[in-house]
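Architecture at a glance
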Amino acid sequence: MTDTALPATRSTNPFAGLMAGTTGPVLVILLAIVGIWYIAAVALNTPFQQGIYERAKQTDVPFTQLVSDTLAQERPVLPAPHQVVEEIYKTTVLKKVTSKRSLVYHAWITLSTTLLGFLIGTTLGIVLAVGIVHSRVLDKSLMPWVISSQTIPILAIAPMIIVVLNAVGISGLLPKAMISTYLSFFPVTVGMVKGLRSPEIIHLDLMHTYSASRLQTFWKLRFPYAVPYLFTSMKIGIAASLVGAIVGELPTGAVAGLGARLLAGSYYGQTVQIWSALLMAAFLAGSLVALIGVMEKLALKRMGMAR
């Protein structure tokens, strides 16, 4: 009876192994990054700290004190992780959201530009992809220009976009959003073209056998095939859109936004402020990509294509 009862008692949680298998490696990599970061901070900040000791005529400083001082400098070459975390806490929790010293306020400005540019870029990318797939003329003439557009450095074209739009009376959020659009439309276009062309020939022939129109073929066959490609390209596009929003804030002399925060930090040598803005931008990008991932799962589940 013991042998027959034993299998019944061995019930396991199917998610336990998955969580253990993914959390462990992530924590190990995170700890390794933090450890390397601390070592690099000590190494890069040591020359300046030794100069302080020399001016103060301090000799034979213990190594432990040297490490402690290099990790507590006001304007370090490379701030330590705890300094960046402390700065983020001060500028998010201890500051009002409406304060111009709040990192949440600056992140919201950048997020607004990112979402507007991403919306325009995604719409433009889908329209271009549909035209390229259904028109041989557009495929041969437009697609090379779409690819060539990405060879132009964004830092070179961003000031031109700002100046041209300001000359015609367009200012504020839209010029910066256009830069986000410039970076985000390309992955959406390429991904949608690939997705709309992914149906097999036999399926296209079947739709032709049923005398389906181009519109019916698009909605019943091509578009469902393209949805996974669309969401994948949107994940790339939203990250690129955030980069465009930050870059767009640099040549405009903006006083708000993560780009303006980075610029002000570089002007005044506030490296801790620079790194806190960078980590906030990374967190923002990761959150946006994760949000699109959730939307993808819901959409694919709704379409019966959940993986």
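Residues numbered from 1 in each chain as written. Predicted model: local features only at pLDDT ≥ 70, side-chain atom pairs only at ≥ 80, totals over all residues. Heavy atoms only, no water.

Keep this limit in mind: UniProt positions are given in the numbering used here, feature names are shortened, and annotations may be inferred rather than shown by experiment.
The name an unreviewed UniProt entry gives the protein chain is ABC transporter permease, with Roseibium polysiphoniae as the organism. Database annotation for the protein chain, UniProt heading Sequence similarities (unreviewed entry): "Belongs to the binding-protein-dependent transport system permease family." Comment text from UniProt for the protein chain, heading Subcellular location (unreviewed entry), reads "Cell membrane".

1. A word on the overall build of the protein chain
Just so we agree on the cut-off: Secondary structure is summarised from DSSP: a helix means a run of H or I of at least four residues, a strand means a run of E of at least two, and numbering begins at the N terminus for each. Exposed residues in this analysis have more than 50% of their type's maximum accessible area, buried residues have under 20%, and partly exposed residues fall in between, with area computed by a 1.4 Å probe over protein chains only. Contacts: residue pairs with any heavy atoms within 4.5 Å of one another. Each accessible area is a Shrake-Rupley result for a 1.4 Å probe, and residues are judged covered by the shown protein chains and nothing else.
Scanning the protein chain from N- to C-terminus turns up 12 helices and 0 strands. Helices and strands in the protein chain line up, N terminus first, as α-α-α-α-α-α-α-α-α-α-α-α. Within the protein chain, the fraction of its 307 residues that count as buried is 38%. A fraction of 73% describes how many contacts in the protein chain between residues 6 or more apart in sequence connect residues 24 or more apart. In the structure as shown, the protein chain presents an accessible area of about 18500 Å², 70% of it carried by carbon and sulfur atoms.

2. Concerning the side chain of Ser149
Selection criterion: As used in this structure description, the phrase polar contact means that two N or O atoms lie within 3.5 Å; if the pair is within protein, one of them must be able to donate a hydrogen and the other to accept it, and residues adjacent in sequence are counted only when both atoms belong to side chains.
Locating Ser149 in the fold gives a position in helix H6 (residues 136-149). Looking at Ser149, the relative accessible area reads 15%, which means it is buried. Of note is the side chain of Ser149, whose polar atom sits 2.6 Å from the backbone oxygen of Val146.

3. A short note on the confidence of the model for the protein chain
Filter applied, for reference: For every residue, the predictor assigns a confidence score, pLDDT, that lies between 0 and 100.
For the protein chain, per-residue confidence averages 85 on the pLDDT scale, and residues scoring 70 or more make up 91% of the total. Across residues 1-12, where pLDDT falls below 50, the model places 0 contacts with residues more than four positions away in sequence or in other chains.

4. Thoughts on the UniProt feature "transmembrane region" (unreviewed entry) in the protein chain
When the UniProt feature table is mapped onto this chain, "transmembrane region" (unreviewed entry) is found at residues 26-48, 103-132, 152-174, 223-247 and 274-295. Between the end C-alpha atoms of residues 103-132 the distance is 42 Å, and the span holds 100% helix and 0% strand. With 100% helix and 0% strand, residues 223-247 has its two end C-alpha atoms placed 33 Å apart.

5. A closer look at unusual backbone geometry
Within the chain, Asp60 stands out as a residue other than glycine whose phi angle is a positive 55°. A positive phi angle, near 60°, is found at Ser211, a position not held by glycine. Mapping Ser211 onto the fold places it in the loop between helix H9 (201-209) and helix H10 (214-249). Residue classification places Ser211 among the exposed positions, given a relative accessible area of 63%.

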